[in-house]
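# Examination of the molecular architecture
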Amino acid sequence: MLLLGPNNTINALPQYCTPLLPCLHARLGQKSCGAPMGPFEPYVCKRGYYCPPGGKEMIICPSRSYCPEGSVAPLRCSAGSVCKEGSIKSNTWLPLAFLIIIDLALIAAIMLHWLRKRLASSRTAGGEKVMSFMNRARNGASGYKSLDDDMIALVEPRITQIHRQPTGFVAAMEDFTYQPETLYESRSGKIEEEVADTEELRAFINSLRRCIDGSQFGLSFAFADLGFHPKGAAKPVLCGITGEIKRGSLVGVLGGSGAGKSTFVNVLMGKQINTGGTVIVNGTVGKVAQYKKIIGYVPQDDVVLPELTVKENILHSARIRLPSNWSDDDIHKHVDALIACLELSHVKDSLVGSTARPVISGGQRKRVSIGMELAAAPMALFLDEPTSGLDATSAGHIMNILKVLSRLGITVVTIIHQPRKEIFETIDDLILLANGRLIYQGRESDAPTFFERAGFIFPEHANPADTIMDIITGQGRPYKRVGDTSKEALIEHWQSISQNRREELTTRPGSTTEENTALRRSIRRRGAPLHRQIYFCLSRSLLQQYRLKSSWWFEMGIASLGGFLIGLALNSKSGAIFVGLYRDNYEILSSALDYQTIPIMALLVAISIGLIASSPSVKMFGEEKLIYWREAASGHNRLAYYLGKVISTLPRILMGCLHFSTFFMLLATPRISWPRAFAANVLYFYCIYGLASICSMVTRREDGPLIATMAGLIVGILSGMAPQLSQVAKWHMTWLWRASPGVWIGEVYFSEDILPLGDLYQIEDAARVTGMVLDRYAMDLAILLVIGTVYRIIAFAELVLVKRHKQK
Ligand SMILES: Nc1ncnc2c1ncn2[C@@H]1O[C@H](COP(=O)(O)OP(=O)(O)OP(=O)(O)O)[C@@H](O)[C@H]1O
């Protein structure tokens, strides 16, 4: 019996006072003054005491245990809590101690890593780099050319002195001073170095030959009457394009702005599906997409991961896309050779940075973007303005590399804007477009003759590329005194001289069966298996998180603050968050009911987790959509990317939840046990991360955080607090609430908090009134897990489905 009447005896049974005002006042006041109404009125055992069965004694709660209201025996305080005599709740400090240890260990590990890196880099910067540079100079290199704006050109250097400085070494040479990483000075002129002859390029080419045998493979493209007319558009973007791209050629696509260059390239490489005509690859009409593993595409914007270093960006691409039989050691060597060839060795361990916060220069970032494709040893490479934004020397260097690659058998198609004469002359074939139609397709060297036959005169010392660009953009009047200089006239002129082209291209014999089989075998060998791809994507994502340490700590800080504030709000309740109707015919003694505090607590928990977790999740998934699309288009496994990302969020979820739950449980002291509350909170974090990832997929990047926060709030509000679930049932809308994770975490808190009070209160009545179901903790958790997983499946489906139209 939980109720005690000190003067009750066998002859004087408990009596209830008459329901008059003074009596009720006295009874309801008992909690504060502790006196029952009248000598025969029973009352509930007070907080801080326990009343053994029989209801005759009230004993103060001993230390290391606690006694909430109506206790029949003291409850043991959990390990790590401080419980003095007369305690009414158990404040568990153990998780806080655990949390502090983990955080300190993390900080120590980060600092240790930072120190080791710093030591290593100063050694490298101060020693090896200078030494390798000096060796190169000593070995009689006629000069040293760099493509960076801030670097030097050097003539016949002679080392005169080497100083050790706090920042590393300074090597003083006759006409050159080098300070590691930061300062390059030169007092000499520039020396030209034939790029194709460099050791680095030769090393890279040798490495590439393992993948590509130019004598056997390669891709040729032919296109006949190619058209692209987007749905709803008034006129086609491409129309009647007929021509060919030979295997191992370097092709330049030129045209004014809006001429259809990007669309043409996208259609050719299968990123956009042509609405008219045919694309023929290696003489066979078919889906270009089947060649995507051996087709590289360098987008106009540098889609690279800013948190990774130059080498890490390129290495990831190589690991995913190179043939699966390459060892990691070979891949490293291949990537190092490529990096050297792109003249990025001195920055290979520098972070790439973003355009907003650059670490390496724009030209270097462009070369990283190109390197990501070249690392995969493609058989055809498409580039959208690879030289825009680069200085003349860098642009020339890139074009030289492309030329050499094409000589290996790789087909290179590049969109180019206003090329310099030297760059223009490296191109083998030209495709000139205007208004989505073809003006010329053929040898670069024949282009001036074609225009001269059309009546244009090329000025003697002018760059022919500039003249051609003027003509095809309709600005050709200065080059033709009389006659029509419009784009339309040129299009017609081209059509008149290339009438038989279509038939010739479509009837040409395709590749032999052996060639096709060999090509298919080569494609099949490409790419790491799924489990390796998941591993690479996971490691990359964890590395990114490591590099963004401030975001991690910020998130942990917000989680702690959220738990602390809600805990503080509920702290005054001292764990007394539920009052029901007394059992065993003592209902009449019941005071005002409190069925609301627990649902409010659950609501606050759900809303806080929604606010804490949604923004970081959007950041994880939303900010990288461009890189995902770039990688998916090049044959990276989409599932591997997504699983890698999802798994990499788990440490974040666990640690965020640990910070939140520790402070919340310490201050709010609900009856639910710590591990059970933690498990429910973790799964709710998991759901919110999933929900936010859906939002980041369906919204624009800038709207993602706001929409995800709103979605987190909505599912939190649907926790069954207001309106209550019983009310919702009357509207026949229970399914909507039950579809939200909020209601399941609400049920966990409600059920787990009132079940221990089942001897004292009629908890079934509380469940009926609120609409919650008691005692199904395992099922509540299982459903939270299912909802979180369904959210992820939806997000993945969305990621795959929106791929095509957003790529553009
Ligand atoms: N899917 C589409 N729906 C509607 N219009 C489109 C679509 N794709 C391209 N266009 C339109 O077709 C024209 C050619 O676009 P495209 O991007 O191919 O030109 P471009 O020559 O690459 O231009 P720029 O050099 O400025 O990048 C543009 O006017 C563009 O708005």
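The structure displayed is predicted, hence computed values, not measured ones. (Residues numbered from 1 in each chain as written. Predicted model: local features only at pLDDT ≥ 70, side-chain atom pairs only at ≥ 80, totals over all residues. Heavy atoms only, no water.)

Right, let's talk about the UniProt feature "transmembrane region" (unreviewed entry) in the protein chain for a bit. UniProt annotation of "transmembrane region" (unreviewed entry) refers to residues 93-115, 552-570, 598-618, 639-666, 678-699, 706-725 and 781-802 when read in the numbering used here. End-to-end, the C-alpha atoms of residues 93-115 are 33 Å apart, and along that stretch the chain is 96% helix and 0% strand. As annotated, residues 678-699 comprises 95% helix and 0% strand, and the C-alpha atoms at either end are separated by 31 Å. (UniProt positions renumbered as here; feature names shortened; annotations may be inferred. Helix = DSSP H or I, 4+ residues; strand = E, 2+ residues; numbered from the N terminus.)

This part takes up the side chain of Thr-770. Tracing the sequence through the fold places Thr-770 in helix 26 (residues 763-770). A relative accessible area of 2% means that Thr-770 is categorised as buried. Within the structure, the side chain of Thr-770 is placed 3.5 Å from the backbone nitrogen of Met-772, a separation counted as a polar contact. For Thr-770, the contacting residues outside a window of four places in its chain are Tyr-595, Gln-724, Leu-725, Ser-726 and Phe-750. (Buried < 20%, exposed > 50% of the residue type's maximum accessible area, 1.4 Å probe, protein only. Polar contact = N/O pair within 3.5 Å; in protein donor to acceptor, adjacent residues only side chain to side chain. Contact = heavy atoms within 4.5 Å.)

Oppositely charged side chains are able to pair whenever their charged atoms sit close together. Evaluated as defined, the whole model comprises 23 salt bridges. The salt bridge partner of Arg-630 is Glu-373, with a shortest N-O separation of 3.0 Å. Of this pair, Arg-630 sits in helix 19 (residues 625-633) while Glu-373 sits in helix 8 (residues 362-374), placing them 257 residues apart in sequence. Taking the relative accessible area as the measure of exposure, Arg-630 reaches 7% and is therefore buried. Look at Glu-373 and you get buried, because its relative accessible area is 2%. (Salt bridge = Lys/Arg side-chain N within 4 Å of Asp/Glu carboxyl O.)

Ordered by their spatial adjacency, six strands build an open sheet running 18-19-20-15-21-22, and the pairing between neighbours is mixed. A single partner strand is all that each edge strand has here, and the edge strands are strand 18 (295-298) and strand 22 (437-443). Neighbour-to-neighbour, the strand axes of the sheet open up by a mean angle of 15°, direction not taken into account. Along the sheet, helix 9 (residues 392-407) contacts strand 15 (250-255), strand 19 (380-384) and strand 20 (411-415); its crossing angle with strand 15, the most-contacted strand, is approximately 130°. (Pairing = 2+ DSSP bridges. Axes fitted to C-alpha atoms, helices over the stretch in contact; angles between N-to-C directions.)

Further remarks concern the environment of Pro-68. Note that Pro-68 resides in the loop between strand 5 (65-66) and strand 6 (75-76). With 22 residues separating them along the chain, Pro-68 and Lys-46 place their C-alpha atoms 7.6 Å apart. Setting aside chain neighbours within four positions, we find Pro-68 in contact with Lys-46, Arg-47, Tyr-49, Leu-75, Ile-88 and Arg-671.

Around the ligand, the structure places 13 residues, and the nearest of them are Ser-257, Gly-258, Lys-261, Ser-262 and Thr-263. Here Lys-261 contributes a side-chain N or O atom positioned 2.9 Å from an oxygen atom of the ligand. Against a free-state accessible area of 640 Å², the protein chains account for coverage of 62% of the ligand. Considered class by class, the residues forming the shell around the ligand number three nonpolar, seven polar and three charged. (Near = heavy atom within 4 Å. Areas by Shrake-Rupley, 256 points an atom, 1.4 Å probe, with all protein chains shown as cover. Nonpolar A, V, L, I, M, F, W, Y, C, P; charged D, E, K, R; others polar.)

Another point: the nonpolar core. Formed by 103 residues in total, the largest nonpolar core has its most connected members in Leu-219, Phe-221, Phe-264, Phe-382, Ile-439 and Phe-451. Within the second largest apolar cluster, 92 residues are counted, among which are Trp-552, Cys-687, Met-697 and Ile-763. (Core = buried A, V, L, I, M, F, W, Y, C linked by side-chain atoms within 4.5 Å.)

Counted residue by residue, strand 15 has six buried out of six residues, so it is predominantly covered. Going residue by residue along strand 15, you find Leu-250, Gly-252 and Leu-254 tucked away on one face and Val-251, Val-253 and Gly-255 tucked away on the opposite face as well. Note that strand 15 and strand 20 share four bridges and pair parallel. Bridge assignment links Val-253 to a residue of strand 20, and that residue is Ile-415. Where strand 15 lies against strand 21 (residues 429-434), five bridges are found, and the strand directions are parallel. Bridge assignment links Val-253 to a residue of strand 21, and that residue is Ile-431.

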